[in-house]
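Chain by chain, the residues:
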Amino acid sequence: MENPAHDPTRFLPLPQAQYHVLVALTAGEMHGYAVMQQVEALSDGVVRMGPGTLYGTLKRLVDTGLAEETEERPAEGDDARRRYYRLTGLGRAVCIAESDRLADLATRSRANLRIGTA
Amino acid sequence: MTRHARAYRALVRAYPRRFRAEFADEMVRDFDHLVRDLGPARSWSRTLLDLAVTVPRYRLESFMEPRRSTSALTVTATALAALGIVAILTVDFAPGIALILVAAGVVVTQRSRLARSIRPPDPDRRRRLVRRGAILAVICVVSTTLAWIELSVSENWHGGKVVVYNALFFVTAIGAVVCFVGAIRSPASAASPPAGV
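Model, not experiment: these values are computed from the prediction. (Residues numbered from 1 in each chain as written. Chains lettered and ligands numbered in written order. Predicted model: local features only at pLDDT ≥ 70, side-chain atom pairs only at ≥ 80, totals over all residues. Heavy atoms only, no water.)

On a plain count of helices and strands, chain B comes out with 8 helices and 0 strands. Counting from the amino terminus, chain B carries its helices and strands in the arrangement α-α-α-α-α-α-α-α. Residues classed as buried in chain B amount to 32% of the 197 residues present. Within chain B, contacts between residues at least 6 apart in sequence are counted, and of these 65% link residues at least 24 apart. Surface exposure of chain B reaches about 11,800 Å², of which carbon and sulfur atoms provide 68%. (Helix = DSSP H or I, 4+ residues; strand = E, 2+ residues; numbered from the N terminus. Buried < 20%, exposed > 50% of the residue type's maximum accessible area, 1.4 Å probe, protein only. Contact = heavy atoms within 4.5 Å. Areas by Shrake-Rupley, 256 points an atom, 1.4 Å probe, with all protein chains shown as cover.)

Quick look at the structure:
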């Protein structure tokens with residue numbers, strides 16, 4: 001029997017900050033500051049995280065098994081003191097499920113708005 | 001370290017100790033980078049807002065941390081319930097019922113939707129509840145067995161002893177059932193997701 005803790009839909013809807021960090025981590029493993037920059041870039045500057053929100057969110061993602069800290073350093077010359085994070089299999093599945101949910105919501109919203117303006 | 005980073009490090013002390021121990025160095029380093037990339041004014045405006053929002057939130061989460069809050073509230077509720085039973089058996093019905101109602105109020109508050117929304121996830125909850133339920137069940141069985149043994153060999157039973165055994169039986173039996181039900185309702189640990197999910 002499948003463990004209900006590993007059901008991606010159990011995590012939905014994801015809080016906005018968690019979703020943005022998961023989306024940022026789909027680009028590969030990165031350290032906290034890179035996640036912060038990636039979130040800002042992916043949202044066209046709309047979402048700007050401070051260090052407190054960022055590390056609180058990363059901690060929550062690690063605690064729930066959606067992300068994990070990694071010992072490896074992806075690039076030569078990276079600061080060894082930095083902590084790197086990456087998506088887990090479950091995190092990837094949850095990110096896909098949340099993206100599908102939001103896409104479906106956007107489709108319905110557009111359809112309703114078109115009907116409303118027709 | 002720049003004076004901005006030093007000032008930020010001082011403010012980071014407002015976060016809960018455990019969070020600080022885990023992330024303070026990274027946060028200060030990132031803030032230092034932020035100052036270098038965006039300049040002090042934009043960095044501070046972003047970070048002060050972040051501090052104002054996250055410090056109270058993480059403080060509250062730390063207070064509601066499962067091990068600490070659940071244990072403290074459970075001990076309080078159990079003690080009140082035990083006192084209530086003892087009061088019913090020795091003093092009067094009304095004060096005993098009042099104490100039991102307060103204990104129920106503590107449990108309801110602890111299990112409320114608001115409390116659960118603030119409380120951080122606890123991947124070990126099921127295991128912890130099973131362990132706690134097992135301990136209470138063992139105490140219940142041992143104390144009841146002792147009571148039966150004592151009852152069979154001695155006829156010198158006084159009110160105080162009856163009250164203590166009864167209180168112990170009710171509190172441990174109810175506590176064990178509550179723990180086992182809670183464990184059944186808790187999801188299994190998410191710590192080791194299956195490969196390829």
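Let us keep going from here.
Residues and elements named next belong to chain A. With respect to the helices and strands, Ala97 occurs in helix α4 (residues 89–117). Classification of Ala97 by relative accessible area gives buried; the value is 17%. Sequence separation of Ala97 and Leu12 is 85 residues, and the distance between their C-alpha atoms is 7.9 Å. Those residues in contact with Ala97, other than ones at most four positions away along the chain, are Pro8 and Leu12.

Turning our eyes to something else, we now look at the packing of aromatic side chains. The full count for this structure, using the stated rule, is 9 aromatic pairs over all chains. Note that Arg10 of chain A overlies the ring of Phe11 of chain A, its terminal NZ or CZ placed 4.8 Å from the centroid. (Phe/Tyr/Trp six-rings, centres within 6.5 Å; stacked < 30°, edge-to-face > 60°. Lys NZ or Arg CZ within 6 Å of the ring centre and 35° of its normal.)

Turning to the sheet that holds strand β2 (residues 67–70) of chain A, a few remarks are in order. Residue and element names in this part refer to chain A. Reading across from one edge, β1-β3-β2 is the order of the 3 strands in this open sheet, with antiparallel pairing throughout. The open sheet has two free edges, formed respectively by β1 (30–31) and β2, since each of these has just one partner strand. As defined by bridge partners, β1 adjoins strand β3 (residues 84–87) across 2 bridges and the pair is classed as antiparallel. Its bridge partner lying in β3, Met30 is registered against Tyr85. (Pairing = 2+ DSSP bridges.)

Below, the discussion takes up the environment of Ile85 of chain B. Residues and elements named next belong to chain B. Its location among the elements puts Ile85 in helix α4 (residues 66–90). Here the alpha-carbon distance between Ile85 and Val163, two residues 78 residues apart in the chain, equals 8.2 Å. Filtering out sequence-adjacent residues up to four positions away, Ile85 remains in contact with Ile100, Ala167, Phe170 and Val171.

The biggest cluster of nonpolar side chains holds 42 residues, and the ones touching the most others in it are Val21 and Leu25 of chain A. Among the secondary structure elements, those contributing two or more residues to this core are α1 (16–25), α2 (32–42), α3 (51–63), β3 and α4 of chain A together with α1 (3–12), α2 (17–38) and α3 (40–63) of chain B. Top contributing element to this core by residue count: α2 of chain B, with 8 residues. The contact partners of Leu25 of chain A, leaving out residues within four places of it in the chain, are Met30, Val35, Leu58, Ala67, Tyr85, Arg86 and Leu87 of chain A. (Core = buried A, V, L, I, M, F, W, Y, C linked by side-chain atoms within 4.5 Å.)

Next up on the list: the pattern of salt bridges. Pairing between side chains of opposite charge can happen when their charged atoms approach one another. Tallying each qualifying case throughout the model produces 13 salt bridges over all chains. Arg83 of chain A is the partner of Glu22 of chain B in a salt bridge, and the nearest nitrogen-oxygen pair spans 3.7 Å. Placement of Glu22 of chain B in helix α2 and of Arg83 of chain A in the loop between β2 and β3 is noted, with the two residues assigned to different chains. Of the residues examined, Glu22 of chain B reaches a relative accessible area of 33% and is grouped as partly exposed. (Salt bridge = Lys/Arg side-chain N within 4 Å of Asp/Glu carboxyl O.)

Among all positions of α1 of chain B, only His4, Ala5, Tyr8 and Val12 of chain B are buried. Take α1 of chain B and look down its axis: the buried residues cluster within an arc of 95°, on one side only. Where the residues of α1 of chain B are buried, they touch α3 of chain A together with α2 and α3 of chain B. (Arc of directions from axis to C-beta.)

Turning to the side chain of Arg82 of chain A, a few remarks are in order. Structurally, Arg82 of chain A is set in the loop between β2 and β3. When its relative accessible area of 5% is taken as the criterion, Arg82 of chain A is described as buried. Only 3.0 Å separates the side chain of Arg82 of chain A from the side chain of His33 of chain B, close enough to count as a polar contact. (Polar contact = N/O pair within 3.5 Å; in protein donor to acceptor, adjacent residues only side chain to side chain.)

What follows concerns the packing of α1 of chain B against α2 of chain B. Residue and element names in this part refer to chain B. The contact between α1 and α2 brings their axes to 9 Å, and the two run at 150°. In terms of their interaxial angle, α1 and α2 are classed as roughly antiparallel. Crossing of α1 over α2 shows right-handed handedness. Here α1 contributes His4, Ala5, Tyr8, Arg9 and Val12 to the contact with α2, which in turn contributes Arg20, Ala24, Asp25, Met27, Val28, Phe31, Asp32 and Val35. (Axes fitted to C-alpha atoms, helices over the stretch in contact; angles between N-to-C directions. Parallel < 35°, antiparallel > 145°, perpendicular 65-115°, else oblique. Left-handed = near helix turned anticlockwise from the far one by under 90°.)

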